[in-house]
Each structure stands twice: as C-alpha cells, then as structure tokens.
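# Reading the structure
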Amino acid sequence: LHKQSSRSRSDLPIVLLTMQPYGEFLDGYIIDTIKLLHGKVKWILRLHPRQVGEEHKLEKLVRESDILDDVVNDQFKNSTLPEALAASSLHITKSSGSVIEASLLDIPNVILDSLGAELYAEWVKTGKAVLCLNSGSKELASAIINSLGK
C-alpha cells in the first residue's frame, strides 16, 4: 500500500475518524470540532464494520449538524480502511486497531478515550499517537492542528 497524497481530492488535509460501535454514535464534541475546523481540514467519517448498514443514520446526522461540506465521503459509502488511510493526513479514534495501520503509513494518530490509551500506550510513548482524553472541541481542534504540524 502506497500512501497517496492527502490532497488528491481536496486542497485541505484529510482527517480520518474511525468510528467505534460503543458510546455515542458521533460525539457532540467531535461535531463541534468539525465545525471549528471548517475550511482548515476535510473529514472521512468511517463507520466500524459492525456499523455497516447505518450509513443513512450517519448521513442524517451530518446533514442535521450542518457539516456536510466538511465531509469527504458525502455519499456515505464505507471506503476500505486502506483507501481511507491512503487519503488521510491524520487518524482519530477512540480505540480502533487502525492506530497500528496508520502508524505503519507514518500517519499520526489522536486517541480519544482511555481504552485506546491503554491499548496503544506504546504508540503514545514512541510519538506515533497523542492522547486527547475527556476533552472538548477546542482541545481536540488544537490536537489536530498540532498533529498536522500547522
């Protein structure tokens, strides 16, 4: 797998959010972060494989939250993980194993919860991931900007 330019479909960096099938479907602070970073990044919102069939739910939430212009996958079809990672400059997750694949492609990770922090402590220790635990939208937006090196 060769990493493609993250700007191939957009002139903005692309942030991949790998969603998890626990907790809120899409946390409010993440929606607020997307709004805060409008015009600075684009987003791929990738459903967990156990959420397949919920594309309509995601599309409805994105439309109702008025963030459609910020989302790359506006057709709400789940791209494969390699496709999504190849297009991305940054990976965000609660606890997805995609942290490992992103690290192999030299894509930085932001981990959002304590389970992910525990599972990927070694990645945090080696600088391949940063933690943004129990944070609000401003803190997450700052972690994203810092991780992108802007």
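Residues numbered from 1 in each chain as written. Predicted model: local features only at pLDDT ≥ 70, side-chain atom pairs only at ≥ 80, totals over all residues. Heavy atoms only, no water.

Moving on: the nonpolar core. In terms of nonpolar packing, the biggest core is built from 28 residues, with Trp43, Leu45, Ile92 and Ile144 touching the most fellow members. Secondary structure elements with two or more residues in this core: strand 1 (14-18), helix 1 (28-36), strand 2 (42-46), helix 2 (55-64), strand 3 (90-93) and helix 7 (137-148). Sort the elements by how many residues they give to this core and helix 7 lands first, with 6 residues. The residues touching Ile92, leaving out its near neighbours within four places in the chain, are Val15, Leu16, Leu17, Thr18, Trp43, Val110, Leu112, Leu140 and Ile144. Ile14, Leu16, Ala102 and Ile107 belong to the second largest nonpolar core, which has 11 residues in total. (Core = buried A, V, L, I, M, F, W, Y, C linked by side-chain atoms within 4.5 Å. Buried < 20%, exposed > 50% of the residue type's maximum accessible area, 1.4 Å probe, protein only. Helix = DSSP H or I, 4+ residues; strand = E, 2+ residues; numbered from the N terminus. Contact = heavy atoms within 4.5 Å.)

Spatially, the 5 strands line up as an open sheet ordered 2-1-3-4-5, and their pairing is parallel. The open sheet has two edge strands with one neighbour each: strand 2 and strand 5 (129-131). For this sheet, the mean angle separating the axes of adjacent strands, direction not counted, is 20 degrees. One ladder, built from 5 bridges, connects strand 1 with strand 2; its direction is parallel. Looking at the pairing, Leu17 lines up with Leu45 of strand 2. Across the sheet, helix 7 is in contact with strand 1, strand 2, strand 3, strand 4 (109-111) and strand 5; its angle to strand 3 comes to roughly 150 degrees. (Pairing = 2+ DSSP bridges. Axes fitted to C-alpha atoms, helices over the stretch in contact; angles between N-to-C directions.)

Relative to the elements of secondary structure, Trp43 occurs in strand 2. A residue is classified by how much of its surface remains accessible, and Trp43, at 1% relative accessible area, is buried.

Attention now moves to the confidence of the model for the chain. Looking at the chain, pLDDT values average 89 and 89% of them are 70 or higher. Ignoring residues within four places in sequence, the model shows residues 1-8, a span with pLDDT below 50, making 16 contacts including any to other chains. (pLDDT = per-residue confidence, 0-100.)

If you walk through the whole model with that rule in mind, you get 5 salt bridges. Of the charged contacts in the structure, one is a salt bridge between Asp27 and Lys94, with a shortest N-O distance of 3.2 Å. Placement of the pair is Asp27 in the loop between strand 1 and helix 1 and Lys94 in the loop between strand 3 and helix 4 (98-104), with a sequence separation of 67 residues. Exposure remark for Asp27: the relative accessible area of 12% places this residue in the buried category. Judged by relative accessible area, which is 12%, Lys94 ranks as buried. (Salt bridge = Lys/Arg side-chain N within 4 Å of Asp/Glu carboxyl O.)

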